[in-house]
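Below, each chain spelled out in residue letters.
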Amino acid sequence: EADIYQTPRYLVIGTGKKITLECSQTMGHDKMYWYQQDPGMELHLIHYSYGVNSTEKGDLSSESTVSRIRTEHFPLTLESARPSHTSQYLCASSLGVEQYFGPGTRLTVT
Amino acid sequence: QKEVEQDPGPLSVPEGAIVSLNCTYSNSAFQYFMWYRQYSRKGPELLMYTYSSGNKEDGRFTAQVDKSSKYISLFIRDSQPSDSATYLCATVGLNRLAFGKGNQVVVIP
């Protein structure tokens, strides 16, 4: 079983607030990813990292930012939450091609 | 053109039936193909992956890749209510995973 954790699991927050979604893995994987998932839609890659101090934007335009200061930690920050940010956010990590996912954070912005 | 296409229609089957799920992909250079299972309110978990063409079997699950038609399939034999979940196909495209939209499968006892 993959050891990848996300907090919080659920978050309801008002428009304009700054939020950070946490993701940690204990497998020593170099590669980590953030996806956005809406019902009935594909997972969309929003950020990824291939190692410490390396971050890239993914395919989906996002107003979020990420950092990778430690191998095991890959937080995602929204500076000013909007209702359009309401979604499920999934963190993943990998060593090879297979990616292992965390349980997700369901974010609702009111 | 999307890298992976998966008809997201839901599928309901009686317990014990064979579940058949399919995806198509766009680039003949893709070599790795995966199936993920996602239970409600959980993250996807890797079910199986195959490299290149052919079949791979794991218990009641069989993954099949037909590179000539760019078609990937997942078969679940003797389906159980615990198999009720959303199944997503994925392939490694452009150095990252590309996912299908997923099929929601409901196995009725």
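Everything numeric in this text was worked out from a predicted model, so none of it was measured. (Residues numbered from 1 in each chain as written. Chains lettered and ligands numbered in written order. Predicted model: local features only at pLDDT ≥ 70, side-chain atom pairs only at ≥ 80, totals over all residues. Heavy atoms only, no water.)

### Details of the state of the cysteines
Inclusion rule: Two cysteine sulfurs form a disulfide in these notes if their separation is within 2.5 Å. Counting from the N terminus, the helices are DSSP H or I runs at least four residues long and the strands are E runs at least two residues long. Under the scheme applied here, a residue whose accessible area is under 20% of the maximum for its type counts as buried, over 50% as exposed, and between as partly exposed, the area being computed with a 1.4 Å probe on protein chains only.
As enumerated under the stated definition, the model contains two disulfides over all chains in all. Disulfide partner of Cys23(A): Cys91(A), at an S-S distance of 1.9 Å. Handedness of the Cys23(A)-Cys91(A) disulfide follows from its S-S torsion of about -75°: it is left-handed. With Cys23(A) in strand β3 (residues 19–25) and Cys91(A) in strand β9 (residues 87–94), this residue pair connects regions lying 68 residues apart in the sequence. Shown here is the disulfide that connects Cys23(B) with Cys89(B), its sulfur atoms set 1.9 Å apart. Looking along the S-S bond of the Cys23(B)-Cys89(B) disulfide, the torsion reads about -100°, which is the left-handed sense. A residue pair is termed long-range when its members are at least 10 positions apart, and Cys23(B) in strand β3 (residues 19–25) and Cys89(B) in strand β9 (residues 85–93) qualify at 66 residues. Judged by its relative accessible area of 1%, Cys23(B) falls in the buried class.

### Some words on the packing of aromatic side chains
What counts here: Only the six-membered ring of Trp is used, alongside the rings of Phe and Tyr, when aromatic pairs are assigned; centres must lie within 6.5 Å, and planes under 30 degrees apart are stacked while those over 60 apart are edge-to-face, with the rest tilted. Whether a charge sits over a ring depends on NZ of Lys or CZ of Arg being within 6 Å of the ring centre and within 35 degrees of the ring normal.
Within this structure, the stated rule accounts for 11 aromatic pairs over all chains. A centroid spacing of 5.6 Å and a plane angle of 85° characterise the contact between Tyr35(A) and Phe99(B), whose relative ring orientation is edge-to-face. With Tyr35(A) in strand β4 (residues 31–37) and Phe99(B) in strand β10 (residues 96–99), this pair bridges two chains. These aromatic residues form a ring-pair network of at least three members: Tyr33(A), Tyr35(A), Phe101(A), Tyr36(B) and Phe99(B). We note Lys31(A) situated over the ring of Tyr50(A); from NZ or CZ to the ring centre the distance is 5.5 Å.

### Let's talk about the sheet that holds strand β1 (residues 4–7) of chain A
Residues and elements named next belong to chain A. Quick note on the threshold: By the convention used here, strands pair only if DSSP detects at least 2 bridges between them. Axis lines are fitted to C-alpha atoms, over the contacting stretch for helices. Their N-to-C directions set the angle, which ranges from 0 to 180 degrees.
Read from one edge of the open sheet, four strands run β1-β3-β8-β7, paired in antiparallel fashion. Looking along the sheet, the strands with just one partner apiece sit at the ends: β1 and β7 (64–66). Neighbour to neighbour, the strand axes of the sheet diverge by 15° on average, direction disregarded. Where β1 and β3 come together, four bridges link them in antiparallel fashion. Residue Thr7 lies in a different strand from β3, and its bridge partner there is Glu22.

### Digging into the sheet that holds strand β1 (residues 4–5) of chain B
Residue and element names in this part refer to chain B. Read from one edge of the open sheet, five strands run β1-β3-β8-β7-β6, paired in antiparallel fashion. The sheet is open, and its two borders are formed by β1 and β6 (54–58), each paired with just one other strand. Pairing geometry for β6 and strand β7 (residues 61–66), over five bridges, is antiparallel. If you follow Gly54 over to β7, its bridge partner there is Val65.

### Some details on the environment of Ala29(B)
Residues and elements named next belong to chain B. Mapping Ala29 onto the fold places it in the loop between β3 and β4 (32–38). A relative accessible area of 54% places Ala29 in the exposed class. Spatially, the C-alpha atom of Ala29 lies 9.7 Å from that of Val92, the residues being 63 residues apart in sequence.

### So, unusual backbone geometry
Of note, the bond from Thr7(A) into Pro8(A) is cis; its omega dihedral lies within 30 degrees of zero at -10°. In this structure, Arg41(B) is a non-glycine residue whose phi angle is positive, near 65°. Mapped onto the elements of the fold, Arg41(B) is located in the loop between β4 and β5 (45–51). Assessed through its relative accessible area of 48%, Arg41(B) is described here as partly exposed. In this structure, Ser52(B) is a non-glycine residue whose phi angle is positive, near 65°. Here Ser52(B) is to be found in the loop between β5 and β6. With relative accessibility at 24%, the residue Ser52(B) sits in the partly exposed group.

Nothing here speaks to function; it is geometry throughout.
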